[in-house]
Amino acid sequence: MKMNVKSLFSMLLLALLPLGFLAVMVVAPLVALALYNGGVVAWDVVRDEYMQWRLLWTAAQAAMTCVLTLLLGVPVAWALARLDFYGRRMVLRLLMLPFVMPTLVAGMGVLALFGANGLLWAGWQDTPYLLLYGNVFFNLPVLVRAAYQGFLQIPETRLQTAQTLGAGAWQRFAWVEWPVLRPWLAGGACLVFLYCFSGFGLALLLGGSRYATVEVEIYQLIAYELDMAQASVLVWMVLAVTAAAGLAYAWLSRRTAAGKTARAPQPRAPQCWQERVLLVWALAVLLLCCVLPLAAVCVQALASGSSWQVLMEAETLAAAWNTLRFSASAVLAALVLGVLYACLARRVVWVRALTFLPFMVSPVCVAFGVLLLYPEWTASLPLLVATYALLAYPFVAKDVLAAWDGLSPNYAAAAKSMGANRFQTAYYVTAPLLKPALRRGLTLAAATCVGEFAATLFLSRPEWQTLTTLIYGYLGRAGVDNYARAMVLTAVLMMLALAVFLLLDEEEKKAV
């Protein structure tokens with residue numbers, strides 16, 4: 001009985017910080033949003049033609065991105081899973097690169113290609129194509145990786161049997177591969193829809209005044225019109241859609257969580273001209289959709305001439321310092337929260353369902369909620385760092401929990417048989433085995449903090465300007481020099497994200 005009481009007490013202490021943090025930073029602000037309407041009801045907002053256009057366009061651009069990424073991503077994933085070629089492993093690792101890039105870098109890359117001063121063509125300015133291309137750049141790797149993992153689940157024996165029975169390539173895909181692939185594609189599409197519907201940075205930079213999304217509308221209602229009532233209604237509409245997409249993804253993830261039961265086909269060299277054409281097409285898609293925007297940023301930054309002096313200005317140095325200190329503080333908080341959350345989720349099953357809660361709530365909704373609930377903490381450093389940590393710690397918790405679940409119980413049993421207590425087992429056995437997953441989660445958390453944009457616009461003071469808000473400030477000023485300065489700073493931010501990618505690269509080598 002004493003042991004049971006002691007275990008219960010320790011579990012309560014363990015749950016206090018991570019669950020209390022979620023309650024304070026997510027649940028309470030959402031409740032405050034639900035209670036605050038200022039006399040405005042949802043029906044009044046929905047009947048407004050302007051708001052109808054915003055809602056319909058937000059859903060439409062997310063749906064169109066899902067279709068585009070499916071059409072482009074499935075053939076690319078098949079080529080990467082089935083065909084062997086020089087540089088294949090490098091391509092698989094580079095798929096992570098657009099994902100670790102801040103959305104601001106992605107948006108600036110699209111502008112560098114197709115904006116008013118675009119390298120390729122300026123005809124997409126003030127059209128929906130800018131935002132759609134930006135969405136594809138940011139989300140195509142998500143869909144490709146999901147489809148690639150799905151193709152790896154298909155047993156080689158099934159494909160060989162179908163081929164023996166005379167099934168062609170399309171028939172094998174339709175009868176053997178497609179049934180296994182569907183839940184993986186559905187899960188990837190849910191993530192793409194979630195990211196696009198609740199995206200802020202890309203929509204703010206690329207949507208313009210006509211093709212901005214609901215998230216941008218919420219920001220404008222609060223920042224420029226001080227219309228908190230309509231903004232709160234829109235926030236809940238966004239939350240309803242993103243929660244549905246998040247829950248669908250969580251349900252589909254459970255269906256695809258089972259390990260492989262058979263050996264997947266090994267990649268082979270292309271055997272016919274159709275496969276060679278498909279491989280060239282797949283590499284061209286990755287080049288056009290994932291590499292060109294980043295290359296365009298580098299080209300325009302190198303051509304900026306004297307604008308590179310911006311790196312030595314006091315405003316830039318202060319923004320870089322703010323970015324580093326805010327990110328470091330948030331990553332440290334994410335480390336503590338993520339590890340404690342993983343420990344708790346190992347003991348309490350329902351806590352696992354809350355792992356993706358911060359992902360389902362967009363940064364704009366989080367920032368608006370805490371701004372409404374804690375007005376006395378507005379523009380306070382603890383609130384800003386806490387918001388950063390909220391967006392970062394799920395990466396730590398998710399990776400540590402997944403690695404912990406994969407550990408054999410024999411390790412702890414062996415340590416216990418040798419006389420080790422719980423602390424010694426955790427310190428000398430469990431922690432070293434979880435270190436690679438912890439490193440991966442922390443680097444993704446750092447990438448999130450360095451490129452954070454939405455919450456910073458809402459919660460920071462002018463003297464707390466970061467690299468992302470400084471870039472946005474230069475982009476909003478007239479003049480060629482200000483545009484060039486924005487490109488130079490974007491290149492610097494891209495290099496920081498690239499450093500994060502290089503830290504992840506060793507882990508990706510083991511996963512491929």
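Remember, it's a predicted structure, so these values are computed and weren't measured experimentally.

Engineer: Is there a simple way to explain the overall build of the protein chain in this structure?
Structural biologist: Counting its secondary structure elements, the protein chain contains 22 helices and zero strands. Taking 512 residues into account, the globule formula puts the C-alpha radius of gyration at 24 Å, and the protein chain, at 24 Å, falls close to it. The principal-axis extents of the C-alpha atoms in the protein chain amount to approximately 70 × 65 × 50 Å. Relative to its full complement of 512 residues, the protein chain shows a buried share of 51%. Taking contacts inside the protein chain between residues at least 6 apart in sequence as the whole, the part at least 24 apart equals 83%.

Engineer: Is there a simple way to think about the side chain of Glu-177 in this case?
Structural biologist: If you trace the backbone, Glu-177 turns up in helix H9 (residues 169-197). Take Glu-177: its relative accessible area is 4%, and that puts it in the buried class. Contact partners of Glu-177, with chain neighbours within four places excluded, come to Trp-78, Arg-82, Phe-151, Ile-154, Leu-159 and Arg-172.

Engineer: Whenever I open this one, the packing of aromatic side chains confuses me. Can you help?
Structural biologist: The geometry of two aromatic rings is summed up by the distance between their centres and the angle between their planes. Scanning the model with the defined rule gives 18 aromatic pairs in all. With a centroid separation of 6.2 Å and 15° between ring planes, the pair formed by Trp-53 and Trp-57 is classed as stacked. With Trp-53 and Trp-57 both in helix H3 (residues 49-82), this residue pair falls four residues apart, about one helical turn. Its relative accessible area of 30% is what places Trp-53 among the partly exposed residues. On the basis of relative accessibility, which here comes to 5%, the residue Trp-57 falls in the buried class. Look at Tyr-219 and Tyr-224: their rings are 5.9 Å apart centre to centre, the planes differ by 80°, and that puts the pair in the edge-to-face class. Its relative accessible area of 8% is what places Tyr-219 among the buried residues.

Engineer: What is the right way to read the environment of Arg-263 from this model?
Structural biologist: Of note, Arg-263 is situated in the loop between helix H12 (228-255) and helix H13 (273-302). Distance from Arg-263 to Leu-152, taken between C-alpha atoms, is 8.5 Å for residues 111 residues apart in sequence. Not counting residues up to four positions away in its chain, the partners in contact with Arg-263 are Ile-154, Pro-155 and Glu-156.

Each value, and the rule that gives it
Residues numbered from 1 in each chain as written. Predicted model: local features only at pLDDT ≥ 70, side-chain atom pairs only at ≥ 80, totals over all residues. Heavy atoms only, no water. Helix = DSSP H or I, 4+ residues; strand = E, 2+ residues; numbered from the N terminus. Rg over C-alpha atoms; globule rule 2.2 N^0.38 Å. Buried < 20%, exposed > 50% of the residue type's maximum accessible area, 1.4 Å probe, protein only. Contact = heavy atoms within 4.5 Å. Phe/Tyr/Trp six-rings, centres within 6.5 Å; stacked < 30°, edge-to-face > 60°.

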